[in-house]
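# A closer look at the structure
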Amino acid sequence: MAQDQTNERVYVEPEQVVLYAVRDRKAYLSLNRPERLNAITHDMAAQIAAAVARANEDPSVHVIILQGAGRAFCSGYDLHHYAEDGVDTQPPVWDPIQDFQMMKSNTDNFFTLWRSLKPTIAKIHGYAVAGGSDIALSCDLVVMAEDAKIGYMPARVWGCPTTAMWVYRLGAEKAKRMLLTGDTIDGRKAADWGLVVDAVPAEDLDRTVEELADRIAGVPINQLAMQKMMVNQAYDNMGLHGTQILATLFDGITRHSPEGRWFRDFSAEHGFAEAVRWRDTGRWVPNGGGPVPTAEEVARDRTEGASPDMSGKEA
């Protein structure tokens, strides 16, 4: 939605960034921004929810498969848009409820995958990182390629996982291991830890997901819905929704804290790829913010510092 100088609200049709197809009782939802490694925008979050609703309304669909086009499942929020250009970053005197409303909308849209009456499967190749891990972990079942990476690097600065699913899937200690470091793990470790249901060689990923989906698709829809609702209720009884409210508020605080603003200023001055590289290779993020490194300091760090795991590819 755009607004002109006469304050007239002008609605612009969003680009289609979530593709939808149905085949053999299976709905396929494909994140479709491959040139940006399927980086998240508000339109993408809304289109995920719309596609889930469409699949739930279709009596021919028994199971939903979520996948990513191109080289990755999802690289997180589009930092070129949000960090480098500063979209939705408020002034120093900021309104936390305005931020909460925006991010809770995204979280609720992702979580339609969890609330869906029909089972959802995330098929992970490449990366499911930062906000992309929020989307993946909102699905009932996650299958990863063994060499794929999952993690929440913004835990180092500029983010808190709003779906809070790390702790519900991993338990306290391993969730802290991930969120106190911002490290990523591959599919093998994710399966070993119980974060995902299976990890397979990349060349077997499509076949494995299809076999799992076909097995589910043979069950009547009402049976699927009742089993899923029963399991989900156990998580609701543990306070899942309240935890998500806290996590979403914290996410806004992390992006508007002194350190979060330092990261935003770094992105604006040197580009988000450099800011992400600095953050994810473990470089010092000053408590309370402070001056952004100069171009000479960034260049020197590039020469002397460790190589990033996925520099510039994650949000």
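The present account deals with the structure reproduced in this document. (Residues numbered from 1 in each chain as written. Predicted model: local features only at pLDDT ≥ 70, side-chain atom pairs only at ≥ 80, totals over all residues. Heavy atoms only, no water.)

## A few points about the overall build of the protein chain
When you go through the protein chain residue by residue, the secondary structure sums to 14 helices and 11 strands. For 315 residues, the compact-globule estimate of 2.2 N^0.38 gives 20 Å, and the C-alpha radius of gyration of the protein chain, at 20 Å, lies within 12% of that figure. With the principal axes as the frame, the protein chain shows a C-alpha extent of 60 × 55 × 40 Å. Counting over 315 residues, the protein chain shows a buried share of 50%. Put simply, of all contacts in the protein chain between residues at least 6 apart along the chain, 75% involve residues at least 24 apart. Summed over all atoms, the accessible surface of the protein chain reaches about 14600 Å², with 53% contributed by carbon and sulfur. Side chains of the protein chain carry 32 positive and 44 negative charges; the gap between the two charge centres is 4 Å. (Helix = DSSP H or I, 4+ residues; strand = E, 2+ residues; numbered from the N terminus. Rg over C-alpha atoms; globule rule 2.2 N^0.38 Å. Buried < 20%, exposed > 50% of the residue type's maximum accessible area, 1.4 Å probe, protein only. Contact = heavy atoms within 4.5 Å. Areas by Shrake-Rupley, 256 points an atom, 1.4 Å probe, with all protein chains shown as cover. Lys, Arg positive; Asp, Glu negative; His and termini not counted. Charge placed at Lys NZ, Arg CZ, Asp CG, Glu CD.)

## Topic: the side chain of Arg-261
On the secondary structure map, Arg-261 appears in helix H12 (residues 258-270). Despite its burial, Arg-261 pairs with no opposite charge; the closest candidate is Asp-265, at 6.7 Å N-O. With near-sequence residues (within four places) excluded, Arg-261 lies in contact with Thr-89, Gln-90, Pro-91, Pro-92, Trp-94, Arg-255 and His-256. (Salt bridge = Lys/Arg side-chain N within 4 Å of Asp/Glu carboxyl O.)

## Some words on the sheet that holds strand E11 (residues 198-200)
Strands sit in the order E3-E4-E5-E6-E8-E11 across an open sheet of 6 strands; the sheet is mixed. Among the strands making up the open sheet, the edge pair consists of strand E3 (18-23) and E11. Taken over all neighbouring pairs, the strand axes of this sheet differ in orientation by 20° on average, direction set aside. As defined by bridge partners, strand E4 (residues 26-31) adjoins strand E5 (residues 63-68) across 6 bridges and the pair is classed as parallel. What sits directly across from Leu-29, in E5, is Leu-66. Strands E3, E4 and E5 of the sheet are contacted by helix H1 (residues 42-57), whose axis makes an angle of about 15° with E3. (Pairing = 2+ DSSP bridges. Axes fitted to C-alpha atoms, helices over the stretch in contact; angles between N-to-C directions.)

## Remarks on helix H3 (residues 96-110)
Its 15 residues place the ends of H3 21 Å apart at the C-alpha level, agreeing with the 21 Å of an ideal helix rising 1.5 Å per residue. Residue Asp-95 occupies the N-cap position of H3, its side-chain oxygen lying 3.0 Å from the main-chain nitrogen of Ile-97. (Expected span 1.5 Å × (residues − 1). Polar contact = N/O pair within 3.5 Å; in protein donor to acceptor, adjacent residues only side chain to side chain.)

## Re the packing of aromatic side chains
The description of an aromatic ring pair rests on the distance of the ring centres and on the angle between the ring planes. In the structure shown here, the tally under the stated rule is 7 aromatic pairs. For the ring pair Tyr-77 and Phe-110, a centre distance of 6.4 Å and an interplane angle of 55° mean the geometry is tilted. Residue Tyr-77 is located in the loop between E5 and helix H2 (79-84), and its partner Phe-110 is located in helix H3; the two are separated by 33 residues in the primary sequence. Residues Tyr-77 and Phe-110 agree in their burial class; the two are buried. When the centroid spacing of 5.6 Å and the interplanar angle of 70° are considered together, the rings of Trp-114 and Tyr-235 count as edge-to-face. Pair noted here: Trp-114 is in helix H4 (residues 112-115) and Tyr-235 is in helix H10 (residues 221-237), with a separation of 121 residues, a long-range link. Above the ring of Trp-193, the side-chain terminus of Lys-174 is found at 5.7 Å from the ring centroid. (Phe/Tyr/Trp six-rings, centres within 6.5 Å; stacked < 30°, edge-to-face > 60°. Lys NZ or Arg CZ within 6 Å of the ring centre and 35° of its normal.)

## A closer look at the packing of H12 against helix H13 (residues 272-280)
Axis separation between H12 and H13 bottoms out at 6 Å; the angle between their running directions is 135°. Relative to H13, the element H12 is oriented oblique. Mapping the contact onto sequence places Trp-262, Phe-263, Phe-266, Ser-267 and His-270 in H12 and Phe-272, Glu-274, Ala-275, Val-276, Trp-278 and Arg-279 in H13. A per-class count over the contact of H12 with H13 returns 7 nonpolar, 2 polar and 2 charged. (Parallel < 35°, antiparallel > 145°, perpendicular 65-115°, else oblique. Nonpolar A, V, L, I, M, F, W, Y, C, P; charged D, E, K, R; others polar.)

## Some thoughts on the pairing of E3
Relative to E4, E3 runs antiparallel, the two being bridged by 6 bridges. Across the sheet, residue Val-18 finds its bridge partner in E4, namely Leu-31. Between E3 and E4, which pair antiparallel in sequence order, lie 2 residues; one of them, Asp-24, sits at a positive phi of approximately 55°.

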